[in-house]
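For reference, the chains in residue letters:
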Amino acid sequence: MNVIEASGLGKRYGSTWALRECALAIPAGHVAALVGPNGAGKTTLLNLAVGLTAPTAGTVTVLGGRPAGSPAALDGIAFVAQNTPLYKNLSAADMLHLTRNLNRRFDQDYAQARLGELGIPMKQKAGQLSGGQQAQLALTLALARRPRLLVLDEPMAMLDPLARHDFMATVMTAVADDGVSVLLSSHVLAELERVADYLILMSRGRVQVAGEVDDLLACHRVLTGPAAEAGRYAERLSVVHARHGAAQAHLLVRTSGATDPVPPGWEAHPVSLEELTLAYLREPGAAALPGPARARYAEPTEVTK
């Protein structure tokens, strides 16, 4: 089952397309990282998926084909936005009461137990809580709805490192214990590398890369070799990004697999998720979905001609 599936999806504001020709299928059971620069279309995609806005073109469904924004879809999705939407003048207890009355399924015992573990005072107004406590309150309210899909739009942007760690620990516990699928938009690549097993990379309103992290890393690698020879291989390889020094060049390339031959005098290194993400962000037109390299090394003698 795909928790989010989009076909030809687009959203236009006036004459500007925030999202265009988006084709995407995110399978259930993953922590999917949504990455891209500001203005890439990430929030637009999330808003479309949770039904906060309607598409200009194409379609988007969730949880195995349910139309985004439909009652059946909303019943299985929880959403935490960047500004951790809370009524600042209501206490934590009032927020629990309000959320319980607005949702058909709400686990009051779970919510109260979590807030107690976190030391969040039930009678204190939400606006008087720290940033980390507000984020945890919003997350607790979302998880207490017992969603099948948890959508997080930059929820840790304003949190300190300890608060971010605690927030993600709560998310990963829900993934492990309850089988919740997660779609997380964030700029913190180091944290995404630690938790994400699926990657969607967006740039200029389009999906550039999408797939399981292990598969993406397996079909990319970094080649290091003499800078003077980099040009001759650039035409033969599927180069995503090239970095040249005075003596050495570093080419991040797409491959057909780990068995692809390495050019003579060059070394191959595995690529990290952060390296892969930054390479595609620097070269937004490098490729759409990763696949076999456009050209492979045939024989070493041929490569060196």
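Residues numbered from 1 in each chain as written. Predicted model: local features only at pLDDT ≥ 70, side-chain atom pairs only at ≥ 80, totals over all residues. Heavy atoms only, no water.

> In this structure, what is going on with the overall build of the chain? I would like to understand it.
Counting its secondary structure elements, the chain contains eleven helices and 14 strands. Once the C-alpha set of the chain is aligned to its principal axes, its extents read approximately 75 × 40 × 35 Å. Taking all 305 residues of the chain together, the buried fraction comes to 48%. Restricting the contact set of the chain to residue pairs at least 6 apart, pairs at least 24 apart contribute 71%. Accessible surface, the chain: about 14100 Å² in total, of which carbon and sulfur atoms supply 51%. (Helix = DSSP H or I, 4+ residues; strand = E, 2+ residues; numbered from the N terminus. Buried < 20%, exposed > 50% of the residue type's maximum accessible area, 1.4 Å probe, protein only. Contact = heavy atoms within 4.5 Å. Areas by Shrake-Rupley, 256 points an atom, 1.4 Å probe, with all protein chains shown as cover.)

> Teacher, can you tell me more about the environment of Asp-260 here?
Tracing the sequence through the fold places Asp-260 in the loop between β13 (248-254) and β14 (267-270). Placed 41 residues apart in sequence, Asp-260 and Cys-219 show a C-alpha to C-alpha distance of 9.9 Å.

> Whenever I open this one, the sheet that holds β14 confuses me. Can you help?
Think of a sheet as strands paired side by side through backbone hydrogen bonds, with each pair either parallel or antiparallel. Within the open sheet, the four strands sit side by side as β12-β13-β11-β14. Their pairing is antiparallel. Because the sheet does not close on itself, it has two edges, and the strands there are β12 (238-244) and β14. Strand-to-strand twist in this sheet, taken as the mean axis angle between neighbours without regard to direction, amounts to 25°. The sheet contact formed by strand β11 (residues 220-226) and β14 spans four bridges and is antiparallel. Note that in β14 the partner of Leu-223 across the bridge is Ala-268. (Pairing = 2+ DSSP bridges. Axes fitted to C-alpha atoms, helices over the stretch in contact; angles between N-to-C directions.)

> How should the side chain of Lys-11 be read in this particular structure?
Take Lys-11: it is sitting in strand β1 (residues 2-13). Of the side chains bearing the opposite charge, Asp-153 lies closest to the buried Lys-11, which forms no salt bridge; the N-O distance is 15 Å. For Lys-11, the side chain forms a polar contact with the main-chain oxygen of Ala-54, separated by 2.7 Å. Aside from chain neighbours lying at most four places away, what touches Lys-11 is Thr-16, Trp-17, Ala-18, Leu-19, Thr-44, Leu-48, Thr-53, Ala-54, Pro-55 and Thr-56. (Lys, Arg positive; Asp, Glu negative; His and termini not counted. Salt bridge = Lys/Arg side-chain N within 4 Å of Asp/Glu carboxyl O. Polar contact = N/O pair within 3.5 Å; in protein donor to acceptor, adjacent residues only side chain to side chain.)

> Honestly, the pattern of salt bridges in this entry has me stumped. Any pointers?
A full pass over the atoms with the stated rule returns five salt bridges. Two residues, Arg-206 and Glu-21, come together in a salt bridge whose shortest N-O distance is 2.9 Å. You can see Arg-206 sitting in strand β10 (residues 206-212) and its partner Glu-21 sitting in strand β2 (residues 16-27), a full 185 residues away along the chain. With relative accessibility at 34%, the residue Arg-206 sits in the partly exposed group.

> It is not clear to me how the nonpolar core should be interpreted in this structure. Could you clarify?
Taken as a class, soluble globular proteins show a tendency for nonpolar side chains to be buried jointly. Ranked by internal contacts, the top residues of the largest apolar core, which has 54 residues, are Leu-137, Leu-150, Leu-152, Phe-167, Val-171, Val-182 and Leu-199. At seven residues, helix α5 (residues 131-143) tops the list of elements feeding residues into this core. Those residues in contact with Phe-167, other than ones at most four positions away along the chain, are Ala-135, Gln-136, Leu-139, Leu-152, Pro-155, Met-156 and Leu-159. Listed in part, the 29 residues of the second largest apolar core include Ile-4, Ala-6, Ala-32 and Ile-200. (Core = buried A, V, L, I, M, F, W, Y, C linked by side-chain atoms within 4.5 Å.)

> When you look at the sheet that holds β10 in this model, what are you seeing that I'm missing?
Spatial strand order, β6-β7-β8-β3-β9-β10: six strands in an open sheet with mixed pairing. Each of the sheet's edge strands pairs with one partner strand only, and the pair in question is β6 (77-80) and β10. Here the strands of the sheet are splayed against their neighbours by 15° on average, with no regard to which way each runs. In this structure, β6 lies alongside strand β7 (residues 149-153), joined through four bridges in parallel fashion. The residue bridging Ile-77 from the neighbouring strand is Leu-149, located in β7. Strands β3 (31-35), β9 (198-203) and β10 of the sheet are contacted by helix α10 (residues 273-282), whose axis makes an angle of about 20° with β9.

> For this particular structure, what's the right way to read the pairing of β9?
Of all the six residues making up β9, six are buried; the element is thus mostly covered by neighbouring parts of the structure. The side-chain alternation of β9 yields two buried faces, one formed by Tyr-198, Ile-200 and Met-202 and the other by Leu-199, Leu-201 and Ser-203. Direction of pairing for β3 relative to β9: parallel, over a ladder of four bridges. Paired with Ala-33 across the two strands is Leu-199, which belongs to β9. In terms of strand pairing, β9 meets β10 through six bridges, oriented antiparallel.

> Even after reading the chapter, I still don't get unusual backbone geometry, so can you show me in this structure?
Most peptide bonds take the trans configuration, and most residues that are not glycine carry a negative phi. Within the chain, Leu-63 stands out as a residue other than glycine whose phi angle is a positive 50°. Structurally, Leu-63 is set in the loop between β4 (57-62) and β5 (66-67). Relative accessible area serves as the criterion here: at 3%, Leu-63 is assigned to the buried category.

> I tried to follow helix α6 (residues 161-178) on my own but got confused; where do I start?
Count 3.6 residues to each turn of an α-helix, and residues three or four apart come out pointing the same way. Along its 18 residues, α6 runs 26 Å from first to last C-alpha, staying within 8% of the 26 Å computed at 1.5 Å per residue. Considered for burial, the residues of α6 that qualify are Ala-163, Arg-164, Phe-167, Met-168, Thr-170, Val-171, Ala-174 and Val-175. Seen from one end, α6 has its buried residues packed into an arc of 145°, which puts them on one side. Exposed positions of α6 whose direction lies more than 90 degrees from the buried face are Pro-161, Leu-162, Ala-176 and Asp-177. Measuring from the side-chain oxygen of the N-cap residue of α6 to the backbone nitrogen of Leu-162 gives 3.0 Å; that N-cap residue is Asp-160. After α6 finishes, the residue Gly-179 shows a positive phi value of roughly 70°. (Expected span 1.5 Å × (residues − 1). Arc of directions from axis to C-beta.)

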